[in-house]
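Here is what each chain is made of, one letter per residue.
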Amino acid sequence: MIQGIIIYNKKEKDITDYSLLRLLEASKQKNINLKVITPDQFELVVTKDDKNSILIDDKITNLPDFVLPRIGSATSFYALSVIRQLEYLGVYVCNSANSINYVKDKLFMHQILSQSRLPTPKTMLAKFPIDTSVVKREVGLPLIIKNVTGTQGRGIYLCESEEKFLDIMELIYTNNENANIILQEFIETSFGKDLRVFVLGGKVIGCMQRKSKSGFKANFSKGAEALPYKLTSEIEWISTETARLLNLDVAGIDLLFGKNGKYLVCEANSSPQFEGLEKITGKGIAENILDYILVRIGCKLINN
């Protein structure tokens, strides 16, 4: 039987996450023994003597056939180190530690994408104390304030005026003068709506529009409506190219609606949720992910 591990921040008995529950359900149908392990259940011991096992709950455990991290931007240094060590030991990890790290740092992600000339909103790293004249000249108002790390719409603010911008930045600076904040161009044509494109193994397997019922955030987890959306060659190319540049085997690519029917890359997610996508498309995203992993494991066994 294939042995797999999902790395998640909660133990299996405490899981309420739809996507995770679906992966566990699908694994039983495919005869995969899939366990959920939290990062702190691992003991990370780096040695040249044992390359066939790891310590979980202080017990020697055989290496799994694959690992599926599902922590996303909340991946801690310790969790990232565990994932990297499993890769070094030859375990297939979907996604790699490096790709998770690329996506976790939103500024770094935009640096990678902009160097490849993919369309993205203009993005600026905030420097305290704030020089508003530079911000207005380079980014403009309104603008979006984001934590460098964050997920599911948390830590994102729309500032429509200079006064509101200064108030928020003063609050952030007062609480943490070393806060890492990015300022991003506001794409008015995408207010309250965006696209979520699900990429698996370099191919788009689902696309939906997310539409907010109130406000500018269009996250499904925040109550946004999920709607079918026709996939175009432009959407497909931008999304697969983003996943390729960030080396993501599985990715949720968020696109904004730009002017003249164009699209801009807003974010990429290394542990994308897929509840809305499954309901909209009727596809078994969880089954597709596990099938892809089984193919990757099979290819690796053949090559070895």
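Before any of the text, the structure's been laid out above.
Every value quoted in this text rests on a predicted model; they were computed, and no experiment measured them.

## Topic: the overall build of the protein
Looking only at helices and strands, one finds nine helices and 16 strands in the protein. Projecting the C-alpha coordinates of the protein onto the three principal axes gives extents of approximately 60 × 45 × 35 Å. Here the protein holds 304 residues, and the buried ones make up 50% of them. Residue pairs in contact within the protein that sit at least 24 positions apart in sequence constitute 67% of those at least 6 positions apart. Here the protein has roughly 15500 Å² of accessible surface; of this, 48% comes from carbon and sulfur atoms.

## Some details on a nonpolar patch on the surface
A grouping of Leu44, Val46 and Tyr78 is seen on the molecular surface, where their side chains present a nonpolar patch of about 270 Å² in accessible area. By secondary structure assignment, the location of Val46 is in the loop between β3 (42–43) and β4 (53–56).

## With respect to helix α2 (residues 77–88)
Taking 1.5 Å per residue, 12 residues should reach 16 Å; α2 reaches 16 Å between its end C-alpha atoms and fits that length. Within α2 the residues assigned to the buried category are Ala79, Leu80, Ser81, Val82, Ile83, Gln85 and Leu86. Where α2 is buried, its residues contact β1 (2–7), β3, β4, β6 (66–69), β7 (92–93) and α3 (97–104). Where α2 ends, the next residue or the one after it, Gly90, has phi of about 95°, a positive value.

## Considerations on the sheet that holds strand β5 (residues 59–62)
Read across the open sheet, the three strands follow the order β3-β4-β5; overall the sheet is antiparallel. The open sheet is flanked by β3 and β5, the only strands paired with a single partner. As paired elements, β3 and β4 share two bridges and run antiparallel to each other. Counted as the bridge partner of Glu43 is Leu55 from β4.

## A few points about helix α1 (residues 18–29)
For α1, with 12 residues, the first-to-last C-alpha span of 17 Å sits near the 16 Å given by 1.5 Å per residue. Within the sequence span of α1, burial applies to Ser19, Leu20, Arg22, Leu23, Leu24, Ala26 and Ser27. Where α1 starts, the residue carrying a side-chain oxygen 3.1 Å from the main-chain nitrogen of Ser19 turns out to be Asp17.

## Overview of the layout of surface pockets
Taken as a whole, the second largest pocket holds about 230 Å³ of empty space. Lining the second largest pocket we find 14 residues, and of these Glu43, Val45, Ser53, Ile54 and Leu55 sit closest to its centre. Elements represented by at least two residues in the lining of the second largest pocket include exactly β3, β4 and α2. Among the residues making up the lining of the second largest pocket, the classes are represented as nine nonpolar, three polar and two charged.

## Comments concerning the sheet that holds β7
Two pairing modes exist for strands in a sheet, parallel and antiparallel, and in both the strands are linked by backbone hydrogen bonds. Overall, parallel pairing links the four strands, which are arranged β2-β1-β6-β7 in an open sheet. Each of the sheet's edge strands pairs with one partner strand only, and the pair in question is β2 (32–37) and β7. Relative to β2, β1 runs parallel, the two being bridged by six bridges. Across the sheet, Ile2 pairs through a bridge with Ile32, a residue of β2.

The rules behind each value
- Residues numbered from 1 in each chain as written.
- Predicted model: local features only at pLDDT ≥ 70, side-chain atom pairs only at ≥ 80, totals over all residues.
- Heavy atoms only, no water.
- Helix = DSSP H or I, 4+ residues; strand = E, 2+ residues; numbered from the N terminus.
- Buried < 20%, exposed > 50% of the residue type's maximum accessible area, 1.4 Å probe, protein only.
- Contact = heavy atoms within 4.5 Å.
- Areas by Shrake-Rupley, 256 points an atom, 1.4 Å probe, with all protein chains shown as cover.
- Patch = residues over 30% accessible without salt bridge, like charges linked within 9 Å, V, L, I, M, F, W, Y side chains within 5 Å.
- Salt bridge = Lys/Arg side-chain N within 4 Å of Asp/Glu carboxyl O.
- Expected span 1.5 Å × (residues − 1).
- Pairing = 2+ DSSP bridges.
- Polar contact = N/O pair within 3.5 Å; in protein donor to acceptor, adjacent residues only side chain to side chain.
- 1 Å grid on protein atoms, 1.4 Å probe; cavity = no way out; pocket = protein on both sides within 12 Å on 5 of 7 lines; lining within 4 Å.
- Points joined across faces, edges and corners; volume = space filled by probe spheres on them.
- Nonpolar A, V, L, I, M, F, W, Y, C, P; charged D, E, K, R; others polar.

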